[in-house]
Amino acid sequence: MTSSDSSIPRFHLAVPVDDLTAARHFYGEVLGLEQGRSSDRWVDWNLHGHQFVTHLAPGPVARAHNPVDGHDVPVPHFGLILPVAQFHALADKLRAANTEFVIEPYVRFEGQAGEQWTMFLLDPAGNALEFKAFADESQIFAV
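Residues numbered from 1 in each chain as written. Predicted model: local features only at pLDDT ≥ 70, side-chain atom pairs only at ≥ 80, totals over all residues. Heavy atoms only, no water.

Trainee: Would you mind showing me how to read the sheet that holds strand β10 (residues 128–134) here?
Mentor: The pairing of strands in a sheet comes from backbone hydrogen bonds and takes either a parallel or an antiparallel form. Taken in spatial order, the four strands make up an open sheet running β7-β10-β9-β8, and their pairing is mixed. At either end of the open sheet lies a strand with only one pairing partner, and these are β7 (77–81) and β8 (101–108). Adjacent strand axes in the sheet meet at a mean angle of 15° when their direction is disregarded. Pairing geometry for strand β9 (residues 116–122) and β10, over seven bridges, is antiparallel. The partner of T118 across the bridge, within β10, is K132. Docked against the sheet, helix α2 (residues 84–96) engages β8, β9 and β10, running at close to 30° with respect to β9. (Pairing = 2+ DSSP bridges. Helix = DSSP H or I, 4+ residues; strand = E, 2+ residues; numbered from the N terminus. Axes fitted to C-alpha atoms, helices over the stretch in contact; angles between N-to-C directions. Contact = heavy atoms within 4.5 Å.)

Trainee: Looking at this structure, I do not really get the packing of aromatic side chains. What am I missing?
Mentor: Two aromatic rings, taken as a pair, are described by how far apart their centres are and by the angle between their planes. Tallying each qualifying case throughout the model produces five aromatic pairs. Seen from their ring centres, F52 and F78 are 5.1 Å apart, and the 35° between their planes marks the pair as tilted. Separated by 26 residues along the polypeptide, F52 in strand β4 (residues 50–56) and F78 in strand β7 bring together distant segments of the chain. In this structure, F52 and F78 share a single accessibility class: buried. Among the aromatic side chains, those forming a connected cluster through ring pairs are F26, Y27, W45, F52 and F78. (Phe/Tyr/Trp six-rings, centres within 6.5 Å; stacked < 30°, edge-to-face > 60°. Buried < 20%, exposed > 50% of the residue type's maximum accessible area, 1.4 Å probe, protein only.)

Trainee: Help me understand the pattern of salt bridges, please; the structure alone is not making it clear to me.
Mentor: Any two side chains of opposite charge can pair if their charged atoms end up close together. Taken as a whole and judged by the stated rule, the model has three salt bridges. Note that K132 and E130 form a salt bridge whose closest N and O atoms lie 3.9 Å from each other. Taking relative accessible area as the criterion, E130 reaches 12% and is therefore assigned buried. (Salt bridge = Lys/Arg side-chain N within 4 Å of Asp/Glu carboxyl O.)

Trainee: Just checking my understanding: could you explain the sheet that holds strand β1 (residues 12–17) for this structure?
Mentor: Within the open sheet, the four strands sit side by side as β1-β4-β3-β2. Their pairing is mixed. Here the strands that pair on one side only, and so sit at the sheet edges, are β1 and β2 (34–38). If you compare each strand with its neighbour and ignore which way they point, the axes differ by 25° on average. With six bridges connecting them, β1 and β4 associate as parallel partners. In the strand pairing of β4, P16 is matched with H55. Docked against the sheet, helix α1 (residues 20–30) engages β1, β2, β3 (42–47) and β4, running at close to 10° with respect to β3.

Trainee: I tried to follow unusual backbone geometry on my own but got confused; where do I start?
Mentor: What you tend to see is this: most non-glycine residues have negative phi, and most peptide bonds are trans. For the peptide bond that leads from V75 to P76, omega is 0°, which places it in the cis range. Relative to the helices and strands, P76 resides in the loop between β6 (71–75) and β7. One non-glycine residue, F109, lies in positive phi territory at about 55°. Of note, F109 is situated in the loop between β8 and β9.

Structure representation (structure tokens):
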């Protein structure tokens, strides 16, 4: 996806990592993101049309958790809302790569407004990622 592919504004997000080689493997090979410009201190990634940057920043990252559906949801976290088929394909790809999930893929609000699949995992630096898929994307902000 290029900037001309959508009228939806793109986000830019930079996260700390403690090992750029591990970040390149995880984001480039496991998740399959296209790598953009880089240096010995950072790497730009195309996260489905969004600019995502991994910056070398050794040291611990503060973490918290919130209880949701009986799970400890890591905070902060980031990710993507994918079509359902892509969500399941990604889950299969992550399982094939022996990814350890913080929260295994499961469906929330089944049969209700905002029904969605969700999964949480950590990158090699401990950054929490959530990937979601809505049964009906018009209900992303359903209450």
